[in-house]
Structures are given as C-alpha cells and as structure tokens.
Amino acid sequence: MREIDTDVCVVGGGPAGLVLALLMLRSGARVTVVECARAHQRVVRGEILQPGAMELLDALDVLAGARARGAHEHHRFLVIEGERVLLEADYRLLPAPHDHLLSVVRSHLLDELLARCRRSPGFRYLPGRRAGALLRREGRIAGVIAEGPPGRCAVRARVVVGADGRFSRIRRLAGIGAGRADAFAQDVLWCTLVTPPEEPPVRDVRVYRTGGGPVLVYGSWPNRIQIGWTLPHRRYGHIAALGLDHVKERLARAVPRYATLIRDQIRTPADLGVLDVFSARAERWVADGLVLIGDAAHTHSPIGAQGINLAVQDAVVLHPLLARALADGDTSAGRLVEFERRRGPDIAAVMRMQTLQSRAILSQGAFTTRVRPRLARALRHTPIYRKILQRMAYGNPSIRIADAGVCGRT
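Presented here is an overview of the structure given in this document. (Residues numbered from 1 in each chain as written. Predicted model: local features only at pLDDT ≥ 70, side-chain atom pairs only at ≥ 80, totals over all residues. Heavy atoms only, no water.)

**Overview of helix α4 (residues 106-117)**
Turning to step 1, where the next piece is worked out: Helix length check: α4, at twelve residues, gives a terminal C-alpha distance of 17 Å against a target of 16 Å (1.5 Å per residue), a fit within 8%.
Turning to step 2, where the next piece is worked out: If you check which residues of α4 are buried, you get R106, H108, L109, L110, E112, L113, L114 and C117. (Helix = DSSP H or I, 4+ residues; strand = E, 2+ residues; numbered from the N terminus. Expected span 1.5 Å × (residues − 1). Buried < 20%, exposed > 50% of the residue type's maximum accessible area, 1.4 Å probe, protein only.)

Encoded structure:
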C-alpha cells in the first residue's frame, strides 16, 4: 500500500475542500486532497454564487478564470404567483463589481481551483478514491486510508479535514452524529433543459408559486434551464407511480413557459433527480486531529442559494486558525474548536434566515398574496431593504482572506 505523508489531508474536493487546500498551500503547508469522483463527474445542481463567495474567490484570483470557462449572471431573485411578483431581491442595488448572482458550472469552478492548487509542489490530488478508514495514533486521528480503483493509499496527516458533503463518511467514521432536522419536510425534483440558441437568457432566479408546490427556475451556462420542483417530503414516489407522462404534465402546468421543452426533453426517469431537502448541524465539528467544514459540518436547504457561499467562507475562516495550530504543533480538539465558536453563530443566522424564506415561499393566504407584496415594495425604498439584501448576499461581511502566514512542521 502506497504511503503519503502530508500536513493536511482534505477529504472532499468540492468548493470548501479546494478553497481550504489553496489557502493552506499559500501558507506553506503540504496538502493532499482525497476525492471520490474522477474528473468532477458528479452531477451537482447547486451552482449559484452569492456576492460573498464571489468576493472571496476574486481575492484568490480564481473567479475570473472560472467565469471565463463559462458562467451566467442573474440580476434578481423573484417569487412569482401568476403574473404577480410577491417578493423581489434586486442584486443590482449592491456595489459593483459583485452586484449580481452568478450561475457557474461547478466543474468550471473546481477546475480553476484545482489548477491553482497544482502550481504548488506541496499539493497531491487523489481522485477516484474514498476514505475507507481513519488512521489513529495515540488516541487521535492521524490520517485516512484512501481506497479506489487507482490504488489504496495510507495518507498520514497532522490534521484531517472532512469536506465530503452532507452524507460525510469522515463524520461517520469519527463517530460524530449528523444532527439532522427535517425542518423543511420537502424534496426537490430536478431537471435540466436545453433551450434554443436564439432564446434570450433568463436573467433572474425565479420561484413560481403554484398549487402543486413552488418551482425554482434559473438559467445555466451555456444554454440550459435548471428547474427544481418542491414537493412534500417523500411525496414524489406517489406521483411517480402514476407514470412519467403524469409527472411531465404536472411540471409543464407549473411552468407553462417551458412546457414544450419539458415534454420533448424528459424522456426517461433518469432525466429527473430527487434531492432530499433537510437542514443539519453536526453534533460537533472537531475531534483531536480532525475538523469538519461545509456540508459535513452543517447542511442547508437550497433556498436562498447559500451552499457555495457558506462552503467558501468556512474555508476562509478556518485557514488562519489551522495555520496557527500547525505552526504551534497543536491540532487537538481543544485548539480546533475555535473554528466552531467563530463560525457557529453565522451558520445559526443563515438557518434562521432560510426558515423565514421558506415560510415566505410556502405560506398561503391573503397576507402572502396581497399584503406582503405591498409591504415589500414599500420596504424597497428604505435602508432596511439594502440591509436585508446585504445579509442575503454576504452573510458575515467581516470574513476576509488572511495573510498567508507560515505553517510549522514537526
């Protein structure tokens, strides 16, 4: 079995893992990334960047390259019922250059991050492997066994970072509970449609409120439309039992603008995907020699497009704490827990915000359809509107990339 010695072993090559890898490499650490997919082959629907993530990726000189590979700007986030706009978040009111949402193909962002990481001689990337076990030494986590078709590796590390998503294997191997909460009690049925080249791009992220459940629609590069139909939790099985044509007609009635594309392009059940929507916060984010970040530590609803934003910010917050811990030779839970102390309140605030957004999208009645739109229009002309928009776009505005610093090695 091949053996690798490194300072930081990051399990999971998504935005959180690769941003952290790049930051730690800049600080002089040796970093090995273990990623179960090969060539970014996973199908990932979430691809919208909030201005907060764009600002940080810009500071890392990553955003321009990812955009050049292919991206799509959105000006507003709208909640629509019939012909009426119930709620609107207009990102054009934010300061340039990050005065919009950005739909960027996930592989474009990851390819750019990976290219930056590979410039460092201290970087190793192990695709096509998953963490089969944790290595332990003197009661602490000291690396992982990486398994897969390319070969089996023992990656010995001073600290392991679990960035492997909401069903984190590292979290499970460490015996840390996921803390799942079905606060949203929803599933999302996803499909991707190809639009005709002559059709103008959709410049807004839209949620259509329908009797059959809200439907999210946004344009994706190069000429794609992403559609997410929100259903009660575990309800899709009952609908699917009525046949694919029934599902297509339900979806076509919900978004008639795309009815023809839905009927023509959804040909088999494989053209649809179901996302189990839930929120979660791991019972703890650290152990001796281990820290969890991104969805492995806290999982969120897709409402408000916060996933990549939070992943990137997690990496930026952890970076200086981890660099100092390595320099001091102390990666104990007592030292690493500072990350959860600092980041925990931000995550709790986002979860509260998403709960309010979910209620606004799903609620019914005269207040939602008549009173709230008038209040929202009046609010738009007050400082409160910009404050709410700023919070949605940036989260904690004080998060900034730290100086590179130096990581010590034993």
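And the narrative resumes.
**Remarks on the environment of G52**
Turning to step 1, where the next piece is worked out: With respect to the helices, strands and loops of the structure, G52 is situated in helix α2 (residues 51-59).
Turning to step 2, where the next piece is worked out: The sequence separation of G52 and S168 amounts to 116 residues, and the corresponding C-alpha distance is 25 Å.
Turning to step 3, where the next piece is worked out: Among all residues touching G52, those that are not within four sequence positions of it are N309, A393 and Y394. (Contact = heavy atoms within 4.5 Å.)

**Notes on the sheet that holds strand β4 (residues 71-74)**
Turning to step 1, where the next piece is worked out: Read from one edge to the other, the open sheet built from three strands follows the order β3-β7-β4, with strand pairing classed as antiparallel. The open sheet has two free edges, formed respectively by β3 (48-49) and β4, since each of these has just one partner strand.
Turning to step 2, where the next piece is worked out: With four bridges joining them, β4 and strand β7 (residues 101-104) adopt antiparallel strand pairing. Looking at β7, one finds that E73 is bridged to L102. (Pairing = 2+ DSSP bridges.)

**Some points on the pattern of salt bridges**
Turning to step 1, where the next piece is worked out: Within this structure, the stated rule accounts for 21 salt bridges.
Turning to step 2, where the next piece is worked out: Among the salt bridges present, the one from R209 reaches E81, with a minimum N-O distance of 3.1 Å. In this pair, R209 sits in the loop between β13 (204-208) and β14 (215-220) while E81 sits in strand β5 (residues 76-81), placing the two residues 128 residues apart along the sequence.
Turning to step 3, where the next piece is worked out: Taking relative accessible area as the criterion, R209 reaches 6% and is therefore assigned buried.
Turning to step 4, where the next piece is worked out: For D346, the salt bridge is made with R343, and the minimal N-O distance between the two is 3.1 Å. Here R343 and D346 lie together in helix α10 (residues 333-362), a separation of three residues that amounts to about one turn. (Salt bridge = Lys/Arg side-chain N within 4 Å of Asp/Glu carboxyl O.)

**Things to note about the side chain of H98**
Turning to step 1, where the next piece is worked out: For H98, the location among the structural elements is in the loop between β6 (84-90) and β7.
Turning to step 2, where the next piece is worked out: Among the polar contacts made by the side chain of H98, one reaches the side chain of D58 at a distance of 2.8 Å.
Turning to step 3, where the next piece is worked out: If sequence neighbours within four positions are ignored, H98 has contacts with P51, M54, E55, D58, L63 and Y394. (Polar contact = N/O pair within 3.5 Å; in protein donor to acceptor, adjacent residues only side chain to side chain.)

**Some words on the packing of α2 against helix α9 (residues 307-328)**
When two helices pack together, you describe them by how their axes are tilted relative to each other and by the distance separating the axes.
Turning to step 1, where the next piece is worked out: Viewed as axis vectors pointing N to C, α2 and α9 meet at an angle of 45°, and their least axial separation amounts to 8 Å. It follows from the interaxial angle that α2 and α9 lie oblique. For the element pair α2 and α9, the recorded crossing hand is left-handed. For the pair α2 and α9, contact is made by G52, A53, L56 and L57 and by I308, N309, V312, Q313 and V316, respectively.
Turning to step 2, where the next piece is worked out: When grouped by side-chain class, the residues that make up the contact of α2 with α9 number six nonpolar, three polar and no charged. (Axes fitted to C-alpha atoms, helices over the stretch in contact; angles between N-to-C directions. Parallel < 35°, antiparallel > 145°, perpendicular 65-115°, else oblique. Left-handed = near helix turned anticlockwise from the far one by under 90°. Nonpolar A, V, L, I, M, F, W, Y, C, P; charged D, E, K, R; others polar.)

**Some points on unusual backbone geometry**
Turning to step 1, where the next piece is worked out: The step from A96 to P97 runs through a cis peptide bond, and the omega angle for that step is 10°.
Turning to step 2, where the next piece is worked out: In this fold, P97 is placed in the loop between β6 and β7.
Turning to step 3, where the next piece is worked out: The linkage connecting W221 with the following residue, P222, adopts the cis geometry, with an omega of -5°.
Turning to step 4, where the next piece is worked out: Here P222 shows up in the loop between β14 and β15 (224-232).

**A word on the nonpolar core**
Turning to step 1, where the next piece is worked out: Residues V8, M24, V31, L49, V144, L290 and L322 are the most contacted members of the largest nonpolar core, which totals 81 residues.
Turning to step 2, where the next piece is worked out: The leading source of residues in this core is α9, at 13 residues.
Turning to step 3, where the next piece is worked out: Excluding anything up to four places from it in sequence, V8 contacts M24, A29, R30, V31, T32, A157, V159, V161, L322 and L326.
Turning to step 4, where the next piece is worked out: Within the second largest apolar cluster, 24 residues are counted, among which are L193, V217, L251 and L272. (Core = buried A, V, L, I, M, F, W, Y, C linked by side-chain atoms within 4.5 Å.)

**A closer look at the environment of D276**
Turning to step 1, where the next piece is worked out: Residue placement: D276 occurs in strand β16 (residues 273-281).
Turning to step 2, where the next piece is worked out: Between the alpha carbons of D276 and V31 there is a distance of 32 Å; along the sequence they are 245 residues apart.

**Observations concerning the state of the cysteines**
Turning to step 1, where the next piece is worked out: Applying the stated criterion across every chain yields a total of zero disulfides.
Turning to step 2, where the next piece is worked out: For the unlinked cysteine C117, the closest cysteine sulfur is that of C9, found at 14 Å.
Turning to step 3, where the next piece is worked out: Note on C117: relative accessible area 0%, which makes it buried. (Disulfide = S-S within 2.5 Å.)

**Brief notes about the side chain of Q50**
Turning to step 1, where the next piece is worked out: Summarising the element assignment, Q50 is placed in the loop between β3 and α2.
Turning to step 2, where the next piece is worked out: Of the polar contacts made by the side chain of Q50, one reaches the side chain of Y91; its length is 2.9 Å.
Turning to step 3, where the next piece is worked out: Once residues lying within four places of it in the same chain are set aside, the contact partners of Q50 are Y91, L101, G304, A305, Q306, N309, M392 and A393.

**Considering the environment of E35**
Turning to step 1, where the next piece is worked out: Tracing the backbone through its elements, the reader meets E35 in strand β2 (residues 31-35).
Turning to step 2, where the next piece is worked out: Its relative accessible area of 3% is what places E35 among the buried residues.
Turning to step 3, where the next piece is worked out: Each C-alpha atom, one on E35 and one on V350, is 27 Å from the other, the two residues being 315 residues apart in sequence.
Turning to step 4, where the next piece is worked out: Among the polar contacts made by the side chain of E35, one reaches the main-chain amide nitrogen of A37 at a distance of 2.8 Å.

The analysis is restricted to geometry; functional conclusions fall outside its scope.
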